[in-house]
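Take a look at the letters that make up each chain.
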Amino acid sequence: MDMGLIGLGRMGSNMVQRLMAGGHRCVVHDVNPKSIAELEAKGAVGAKTLEDFVKKLTKPRVIWLMVPAGVVDATLEKVGGLLDADDILIDGGNSYYHDDIRRAKALKERKIHYVDVGTSGGVWGLQRGYCMMIGGEVDIVKHIDPILATLAPGVTSAPRTPGQEKQPVGTAENGYLHCGPHGAGHFVKMVHNGIEYGIMAAYAEGFNILKHADAGKDKQQVDAETTPLSNKEFYQYDLNLPEVAEVWRRGSVIGSWLLDLTAIALAKDPSMDKFAGHVSDSGEGRWTITAAIDESVPAPVLSAALYERFSSRGEAEFADRLLSAMRFEFGGHLEKGG
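Residues numbered from 1 in each chain as written. Predicted model: local features only at pLDDT ≥ 70, side-chain atom pairs only at ≥ 80, totals over all residues. Heavy atoms only, no water.

So, on to the nonpolar core. In this structure, Val16, Trp64 and Met132 are the most contacted members of the largest nonpolar core, which totals 30 residues. Residue contributions to this core peak at four residues, all from helix H1 (residues 10-21). Ranked by size, the runner-up nonpolar core spans 19 residues in total, among them Leu65, Val67, Ala104 and Tyr114. (Core = buried A, V, L, I, M, F, W, Y, C linked by side-chain atoms within 4.5 Å. Buried < 20%, exposed > 50% of the residue type's maximum accessible area, 1.4 Å probe, protein only. Helix = DSSP H or I, 4+ residues; strand = E, 2+ residues; numbered from the N terminus.)

Here it is in structure tokens:
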């Protein structure tokens with residue numbers, strides 16, 4: 001199938017390579033000419049301008065955007081002005097689903113179709129494939145099915161769910177799902193990322209408890225500002241965290257791909273000295289909590305995971321200082337060094 005992709009970062013570039021390996025013709029564009037040249041060398045059709053990019057695609061054009069959420073509207077405006085009726089624009093990034101509904105309505109007035117695809121797979125997608133959650137018109141989603149099927153991991157990427165063995169293999173078991181109308185794909189991906197925040201925080205907190213399992217060996221100060229550690233004999237363990245990660249990967253109920261990646265990270269750098277611990281959030285966690293509030297659905301784990309990311313970036317510093325100030329005012333308590 002003939003398709004174009006704009007945005008040749010790590011995911012975009014890998015998606016193009018996977019599509020070409022599956023027999024698709026890919027026209028590519030990026031603001032970085034070097035990224036275009038690298039894929040041209042691998043068989044893609046490069047285009048240095050959007051005008052040239054659009055001209056090189058057959059009609060009805062299928063154009064996939066893999067650009068940051070903050071520049072999707074500007075990119076759609078530029079590309080949309082060059083398209084014809086029945087062309088298809090796909091946003092495969094992490095856009096807010098509210099924006100999808102607005103964009104689909106605006107493009108419909110110009111008879112251009114819009115599809116939102118929440119895409120998970122990261123930098124490993126070239127080998128593993130991409131899990132995709134899709135929103136849009138039924139017939140348009142069917143039209144782009146060859147692209148989705150090529151990008152997806154396939155049914156063999158996971159054991160079939162017990163009871164499903166005798167059922168026909170649907171797209172969900174292949175790793176992609178038409179979730180509903182415009183916005184539904186990014187809505188499901190939004191919650192997916194909210195869950196990801198919670199799982200990552202649980203692993204991080206758990207390994208941190210394991211790391212400090214030798215707390216009983218430390219000499220503690222004895223003063224009014226320090227809670228004494230009773231039963232020091234309970235905390236005398238020097239645990240090998242990379243090895244713990246490895247054993248949990250095999251047969252454990254908490255095994256997962258995120259744990260696999262955690263094991264890789266710990267094997268490379270057991271003390272995490274290469275990282276400062278400033279954890280970013282790209283929006284999906286916030287939007288998930290907003291949806292939970294609108295729906296009156298409790299989400300304490302996901303909320304706490306998001307707030308911990310704020311704290312990691314120093315956003316709790318003023319509150320912590322104020323806590324110290326209040327303790328000093330009511331009891332003359334002095335701060336201790338970290």
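Let's pick the thread back up.
Another aspect to go through is the layout of surface pockets. Any empty space left between the atoms is revealed when a probe the size of a water molecule rolls over them. Taken as a whole, the second largest pocket holds about 240 Å³ of empty space. Ile6, His29, Val31, Val67 and Thr75 are, among the 15 residues lining the second largest pocket, the residues nearest its centre. Considering every element that reaches the lining of the second largest pocket, the biggest residue donor is helix H4 (residues 72-80), with three residues. Tallied by class, the residues present in the lining of the second largest pocket amount to nine nonpolar, four polar and two charged. (1 Å grid on protein atoms, 1.4 Å probe; cavity = no way out; pocket = protein on both sides within 12 Å on 5 of 7 lines; lining within 4 Å. Points joined across faces, edges and corners; volume = space filled by probe spheres on them. Nonpolar A, V, L, I, M, F, W, Y, C, P; charged D, E, K, R; others polar.)

The final tally for this structure, using the stated rule, is 17 salt bridges. A salt bridge links Lys217 to Asp238; the shortest N-O distance between them is 2.3 Å. In this pair, Lys217 is assigned in the loop between helix H10 (184-211) and helix H11 (241-248) and Asp238 in the loop between H10 and H11, connecting sequence segments 21 residues apart. The exposure class assigned to Asp238 is exposed, which follows from its relative accessible area of 55%. Across the pair Arg249 and Glu246 runs a salt bridge whose closest N-O atoms are separated by 3.1 Å. (Salt bridge = Lys/Arg side-chain N within 4 Å of Asp/Glu carboxyl O.)

This paragraph deals with H1. With 12 residues, H1 ought to run about 16 Å at 1.5 Å a step, and its terminal C-alpha atoms sit 17 Å apart, in line with that. Most of H1 is tucked away, with nine of its 12 residues classed as buried. Once H1 ends, the next one or two residues include Gly23, with phi positive near 95 degrees. (Expected span 1.5 Å × (residues − 1).)

Another aspect to go through is helix H2 (residues 33-40). For H2, the full list of buried residues reads Ser35, Ile36 and Leu39. An end-on view of H2 places all buried positions within 100 degrees of arc, on one side of the element. Of the exposed residues in H2, the ones pointing more than 90 degrees away from its buried face are Pro33 and Lys34. Contacts from the buried residues of H2 go to H1, strand S2 (25-29) and strand S3 (45-46). The N-capping residue of H2, defined by a side-chain oxygen 3.0 Å from the backbone nitrogen of Lys34, is Asn32. (Arc of directions from axis to C-beta. Contact = heavy atoms within 4.5 Å. Polar contact = N/O pair within 3.5 Å; in protein donor to acceptor, adjacent residues only side chain to side chain.)

According to the stated counting rule, one finds six aromatic pairs in the structure shown. The interplanar angle of 90 degrees and the centroid separation of 4.8 Å between the aromatic rings of Tyr97 and Phe187 together place this pair among those described as edge-to-face. Taken together, the positions of Tyr97 in helix H5 (residues 97-108) and Phe187 in helix H10 put the pair 90 residues apart, joining distant regions of the chain. In this structure Tyr97 comes out as buried when scored by relative accessible area, which is 17%. The partly exposed category is assigned to Phe187, whose relative accessible area is 24%. Pairing Trp124 with Trp257 gives two aromatic rings, centres 6.4 Å apart and planes at 85 degrees, and the pair type is edge-to-face. Here the residue Trp124 occupies a position in the loop between strand S6 (113-120) and helix H6 (125-128), and Trp257 occupies one in helix H12 (residues 257-268), the gap between them amounting to 133 residues. Note on Trp124: relative accessible area 37%, which makes it partly exposed. Its relative accessible area of 27% is what places Trp257 among the partly exposed residues. (Phe/Tyr/Trp six-rings, centres within 6.5 Å; stacked < 30°, edge-to-face > 60°.)

All right, on to the side chain of Asp116 then. Secondary-structure assignment places Asp116 in strand S6. Buried charge without a partner: Asp116 forms no salt bridge, and the closest opposite charge is Arg103, 8.7 Å away. A polar side-chain atom of Asp116 sits 2.8 Å from the main-chain amide nitrogen of Gly183. Within the structure, Asp116 has its side chain in polar contact with the backbone nitrogen of His186 (distance 3.0 Å). Beyond its immediate chain neighbours, meaning those up to four positions away, Asp116 contacts Asp91, Asp100, Met133, Ile134, Gly135, Gly136, His182, Gly183, Ala184, Gly185 and His186. (Lys, Arg positive; Asp, Glu negative; His and termini not counted.)

Time to look at a nonpolar patch on the surface. Taken together, the side chains of Phe318, Leu322, Leu323, Met326 and Phe330 define a hydrophobic patch exposed on the protein surface, amounting to about 580 Å² of accessible area. Topologically, Phe330 is positioned in helix H15 (residues 317-331). On the basis of relative accessible area, Phe330 is assigned to the exposed category, the value being 63%. (Patch = residues over 30% accessible without salt bridge, like charges linked within 9 Å, V, L, I, M, F, W, Y side chains within 5 Å. Areas by Shrake-Rupley, 256 points an atom, 1.4 Å probe, with all protein chains shown as cover.)

Counting buried residues along strand S7 (residues 131-135), four of its five residues qualify, which places the element largely inside the surrounding structure. Examined bridge by bridge, S6 and S7 share five bridges and lie antiparallel to one another. Pairing of Ser120 across the sheet is with Cys131, part of S7. Bridge count for S7 against strand S8 (residues 176-180) is four bridges, and the pairing is parallel. Directly across from Met133, in S8, lies its bridge partner Leu177. (Pairing = 2+ DSSP bridges.)

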